[in-house]
Amino acid sequence: MRYYTLEKREARAYLEGQKETPSIQEKGSGPLLDENAISLCVEQLLCVIEEMNPTGTLSGERGGRFEARAVPIVHNAISELTMADRSPLYDDGFWRWLAVCHFREIIQLRHGRKNGRVDERNFGIGGLAENFVYRVWLRGEIAFDPHRYPEDPYRLAIRGDQDFWRSHIFRQSYAASRSFAKAFVRFQYENHETGRLSTDRIRELAKRLRRLRVNVVFELLDEEEALELIQEEAGKLDR
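K.L.:
Looking at this structure, I do not really get the overall build of the protein chain. What am I missing?
P.N.:
Looking only at helices and strands, the protein chain features 10 helices and two strands. Helices and strands in the protein chain line up, N terminus first, as β-α-β-α-α-α-α-α-α-α-α-α. Taking 18 Å as the expected radius of gyration for a compact globule of 239 residues, we find that the protein chain reaches 19 Å, a close match to that expectation. Taking all 239 residues of the protein chain together, the buried fraction comes to 49%. Across the protein chain, the fraction of contacts at a sequence separation of at least 24, relative to all contacts at a separation of at least 6, is 67%. Summed over its atoms, the accessible surface of the protein chain is roughly 12200 Å², and 45% of this surface lies on carbon and sulfur atoms. Of the charged side chains in the protein chain, 37 are positive and 39 negative, and the gap between their average positions amounts to 6 Å.

Here you go:
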């Protein structure tokens, strides 16, 4: 599949008004990715924003709730687009192109400050995990489970606040293991809609897991083994 990418320098120049249009690159071969499907995804998100806040601004807790509602929409759309060829998913330039060229209005509404500026990291100018589109998709990719929850495959993906996902999943090295990351989400939210552990305790558990990673190869654990390990470490918090 052919798809578009956008370099950081081009993205920054366009967002700062130095260029009227960004210079994008084309990669891959075969049929071109369907941009109409992406536009439909953006329209759906704008409808969600309108429903949540007609003034069009999202911040704090409301912004976190919006991201949760955005997960099924974004994950489903992009997963279907890349079903035949997943190579764009591993290209940070692809995610930057999506953020800047398609999701710019969404990101401005979600992260816009009073002065109108938006932290450029939300557009992918920085670490990939800070890119709004990527992190919303990744949340779905980690927790989507049609086998365990056939009636609501995104049940776990929409639980948890943004601090849990960004601080304790996306920014942690153990998130490189999807099975381990999913097990962590299951531990906290599978049987506890608002979370099994408090923010302070889940933060302490994350620290224990980071230290444990020095001696344990998380990538070799399946999901159930990872869940057992997390439960064991959680049991040591009060010792």
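K.L.:
In this structure, what is going on with the side chain of D91? I would like to understand it.
P.N.:
Locating D91 in the fold gives a position in the loop between α3 (60–81) and α4 (92–101). By relative accessible area, D91 is classed as buried at 10%. In contact with D91, not counting residues within four places along its chain, are Y3, T5 and K27.

K.L.:
What is the right way to look at the nonpolar core in this model?
P.N.:
General note: in soluble globular proteins, nonpolar side chains tend to be found buried as a group. Formed by 75 residues in total, the largest nonpolar core has its most connected members in F66, F103, I169 and L205. Apart from the residues within four sequence positions on either side, I169 is in contact with I142, F164, A175, A181, F184 and V185.

K.L.:
What is the right way to read the packing of aromatic side chains from this model?
P.N.:
Note on aromatic pairs: each is described by the distance of the centres and the angle between the planes. As enumerated under the stated definition, the model contains 16 aromatic pairs in all. Ring centres 5.8 Å apart and planes at 90° place the aromatic pair Y3 and F94 in the edge-to-face group. Residue Y3 is found in strand β1 (residues 3–5), and its partner F94 is found in helix α4; the two are separated by 91 residues along the sequence. The buried category is assigned to Y3, whose relative accessible area is 7%. Taking NZ or CZ as reference, R104 lies 5.0 Å from the ring centre of Y14, over its face.

K.L.:
Is there a simple way to think about the environment of A37 in this case?
P.N.:
Looking at the secondary structure, you find A37 in helix α2 (residues 35–52). For A37, a relative accessible area of 24% translates into the label partly exposed.

K.L.:
Explain the side chain of Q172 to me, please; I cannot follow it from the model alone.
P.N.:
Its location among the elements puts Q172 in the loop between α7 (162–170) and α8 (178–189). With a relative accessible area of 11%, Q172 lands in the buried category. In terms of polar contacts, Q172 uses its side chain to reach the side chain of R210, at 3.1 Å. Every residue in contact with Q172, bar those within four places of it in the chain, is listed here: S167 and R210.

K.L.:
Please explain α8 as it appears in this structure.
P.N.:
Compared with the 16 Å implied by 1.5 Å per residue over 12 residues, the 16 Å span of α8 between its first and last C-alpha is a close match. For α8, the tally of buried residues reaches 10 of 12 residues, placing the bulk of the element in the interior. Looking at α8, one finds that the buried residues are F180, A181, K182, A183, F184, V185, R186, F187, Q188 and Y189.

The rules we used
Residues numbered from 1 in each chain as written. Predicted model: local features only at pLDDT ≥ 70, side-chain atom pairs only at ≥ 80, totals over all residues. Heavy atoms only, no water. Helix = DSSP H or I, 4+ residues; strand = E, 2+ residues; numbered from the N terminus. Rg over C-alpha atoms; globule rule 2.2 N^0.38 Å. Buried < 20%, exposed > 50% of the residue type's maximum accessible area, 1.4 Å probe, protein only. Contact = heavy atoms within 4.5 Å. Areas by Shrake-Rupley, 256 points an atom, 1.4 Å probe, with all protein chains shown as cover. Lys, Arg positive; Asp, Glu negative; His and termini not counted. Charge placed at Lys NZ, Arg CZ, Asp CG, Glu CD. Core = buried A, V, L, I, M, F, W, Y, C linked by side-chain atoms within 4.5 Å. Phe/Tyr/Trp six-rings, centres within 6.5 Å; stacked < 30°, edge-to-face > 60°. Lys NZ or Arg CZ within 6 Å of the ring centre and 35° of its normal. Polar contact = N/O pair within 3.5 Å; in protein donor to acceptor, adjacent residues only side chain to side chain. Expected span 1.5 Å × (residues − 1).

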